[in-house]
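Working through the structure, step by step
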Amino acid sequence: MFDFRALRVPIVQAPMAGGPSTPELAAAVSNAGALGFLAAGYRSADALDEQIHRTRLITGEAFGVNLFVPQPSVATAETLAAYAAELAPDAAGHSVETGVPHPDDDAWAEKLDVLLALRPAVASFTFGSPDAETIGRLGDAEVLVTVTVTSLAEAQIALSNGAPVLVLQGPLAGGHRGTFDPAADPPSDDLDTLFGSIHHYTDAPLVAAGGLTTPAAIAHVLARGAVAAQAGTAFLLAREAGTTAVQRAALVDEQFTDTAVTRAFSGRPARGLLNDFMRRHDPAAPLGYPEVNQLTMPLRAAATAAGDPHGTNVWAGADYRSIRSGSAAEIVRHLAKEIV
Ligand SMILES: Cc1cc2nc3c(=O)[nH]c(=O)nc-3n(C[C@H](O)[C@H](O)[C@H](O)COP(=O)(O)O)c2cc1C
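Our subject in this report is the structure included herewith. (Residues numbered from 1 in each chain as written. Predicted model: local features only at pLDDT ≥ 70, side-chain atom pairs only at ≥ 80, totals over all residues. Heavy atoms only, no water.)

Looking at the sheet that holds strand β5 (residues 144-149)
Condition: DSSP calls a pair of strands paired once it identifies at least 2 bridges connecting them. Per the convention used, a helix needs a DSSP run of H or I reaching at least four residues, while a strand needs a run of E reaching at least two, with both numbered from the N terminus. Every angle, taken between N-to-C directions, lies between 0 and 180 degrees, and every axis is a line fitted to C-alpha atoms, over only the stretch in contact when it is a helix. In what follows, residue pairs with any heavy atoms lying within 4.5 Å of each other are defined as contacts.
A sheet is described by the order of its strands in space; here 8 strands give the open sequence β1-β9-β8-β6-β5-β4-β3-β2, paired in parallel fashion. This sheet does not close on itself; its edge strands, each paired only once, are β1 (11-13) and β2 (36-39). In this sheet, adjacent strand axes meet at a mean angle of 25 degrees when their direction is disregarded. On the sheet, helix α2 (residues 45-58) packs against β2 and β3 (63-68) and is oriented at approximately 165 degrees with respect to β3. In the packing of helix α6 (residues 152-160) onto the sheet, contacts are made with β5 and β6 (165-169), and the angle to β5 comes to roughly 160 degrees.

Describing the site of the ligand
Basically, it comes down to this: Near, as used in this document, describes a residue that has one of its heavy atoms within 4 Å of the molecule or strand being considered. Whenever two N or O atoms come within 3.5 Å, that pair is a polar contact, provided that in protein one can donate a hydrogen and the other can accept it, and provided that, for residues adjacent in sequence, both atoms are side-chain atoms. Classes in brief: Ala, Val, Leu, Ile, Met, Phe, Trp, Tyr, Cys and Pro nonpolar; Asp, Glu, Lys and Arg charged; the others, Gly included, polar.
What surrounds the ligand is a group of 20 residues, the closest being P15, N66, G211, G232 and T233. Here Q230 contributes a side-chain N or O atom positioned 3.3 Å from an oxygen atom of the ligand. The backbone of G232 places a nitrogen or oxygen atom 2.8 Å from an oxygen atom of the ligand. A class-by-class count of the residues in the shell around the ligand yields 9 nonpolar, 11 polar and no charged.

Observations regarding the packing of aromatic side chains
Here is the rule: For this analysis, a ring pair means two rings from Phe, Tyr or Trp (six-membered ring only for Trp) whose centres lie within 6.5 Å, classed as stacked if their planes differ by under 30 degrees, edge-to-face if by over 60, and tilted for the remaining angles. Classification of residues uses two cut-offs on accessible area relative to the type maximum, computed with a 1.4 Å probe and protein chains only: under 20% is buried, over 50% is exposed, and between them is partly exposed. Here, a charge over a ring means that NZ of Lys or CZ of Arg falls within 6 Å of the ring centre while also lying within 35 degrees of the ring normal.
Inspection of every chain in the model, using the stated rule, returns 7 aromatic pairs. Relative to F277, the ring of F265 lies with its centre 4.5 Å away and its plane at 15 degrees, an arrangement referred to as stacked. Taken as a pair, F265 in the loop between β10 (259-262) and β11 (270-273) and F277 in helix α10 (residues 276-281) lie far apart in primary sequence, 12 residues in all. Note on F265: relative accessible area 1%, which makes it buried. Aromatic ring contacts, followed pair by pair, group Y42, F68, F127 and Y289 into a single cluster. For the cation-ring pair, R268 lies above F127, with the distance from its terminal atom to the ring centre recorded as 3.9 Å.

Comments concerning helix α8 (residues 215-223)
Residue pairs spaced three or four apart in an α-helix point in one direction, given the helix's 3.6 residues per turn. Considered for burial, the residues of α8 that qualify are P215, A217, I218, A219, V221 and L222. In this structure, the buried side of α8 is in contact with β1, α7 (191-201), β8 (206-209), β9 (228-231) and α12 (328-335). Just downstream of α8, G225 is the residue with a positive phi angle, here 120 degrees.

Focus on the pairing of β9
Where burial is concerned, the two faces of β9 agree: the one with A228 and Q230 and the one with A229 and A231 are both buried. Strand direction decides the pairing type here: β1 and β9, joined by 3 bridges, are parallel. Paired with V12 across the two strands is Q230, which belongs to β9.

Observations concerning helix α1 (residues 23-31)
Taken across its 9 residues, α1 has 7 buried, putting it largely inside the fold. Buried within α1 are the following residues: P23, L25, A26, A27, A28, V29 and S30. As for α1, its buried residues are in contact with β1, β2, α2, β3 and α12. Of the residues trailing α1, G33 is marked for its positive phi of about 100 degrees.

Considerations on the pairing of β3
Burial runs high along β3: 6 of the 6 residues are buried. Taken together, the 4 bridges between β2 and β3 define a ladder with parallel strand orientation. Within β3, the residue paired with F37 across the bridge is G64. Bridge analysis of β3 against strand β4 (residues 122-126) gives 5 bridges, and the strand direction is parallel. Looking across to β4, one finds that L67 is bridged to F125.

No statement about biological role is implied by the geometric values presented.
Here it is as structure tokens:
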């Protein structure tokens, strides 16, 4: 079974669904001595299967795979219809229509079967905790399970389900918050406070995440006792990442100065560069994942095709200004510089 303590470099490249995570990025990070991750979210089970095989062609090292835990949506037909009406002028501006909301569990059972068949070293989960049976089956298959938590209460649920390792995601993190309850506001405890309370509560190994974009920030969480530091935003400009040209340009564009947490794109709180879409639509945007994500999908695709960073999500953590471009190996070496 994989053990984080055996990593040559105690850094995890966060799974980043929607494009940035690629087999090339995961393999390059793992080849550099850290732990690379594939992101299974939004992909079919067949595509995940193919990605795991492709990653294994380019690295013999351990890597992880991340899944979204499905949960009942909190959307109602009325709120979705009202939001679709609000988005209609944007859609017309791009000559597209808003997407059609439909139930979608992100192929949960099929992807679990892929994990059980192909047995990546690590399986991480976000948006909830798998039940004890699922964690047990993965453990029996020698797949180490990690569960992302954003509060002590979530940590208690994951641990009681048998999660052997927790990933603590602080509020500065880029992308979606891993909050279990889709209707709750995500907790605002800073990463240090969250780490302190959970470290006090459990002996389970803890991976810290959220806003770790500098060597000093990485060294700090390791000094506090994290078994590894997980960084996502720091890898967005890696050569091997699948970050789109629009996102890459926006991340270094001086017109963007802040990030904010929004539900306007997906119906779930997520942090990204504060842009016009968020300013316009956040006040009316309902909670409701995955339906809101489905509604906005054609608009985001059209904005991306048109090179418009104000019409699509550019997920990024609050400390995105210190990220660098380069190869994934160079980024790992840079981030590890102050680890003692
Ligand atoms: C573009 C992007 C996509 C993300 N996608 C996922 C995902 O698919 N699964 C997941 O568990 N976390 C996802 N996250 C969150 C990361 O796992 C991690 O918590 C976050 O990147 C840490 O904060 P940082 O971005 O400041 O390093 C994503 C983050 C970003 C920036």
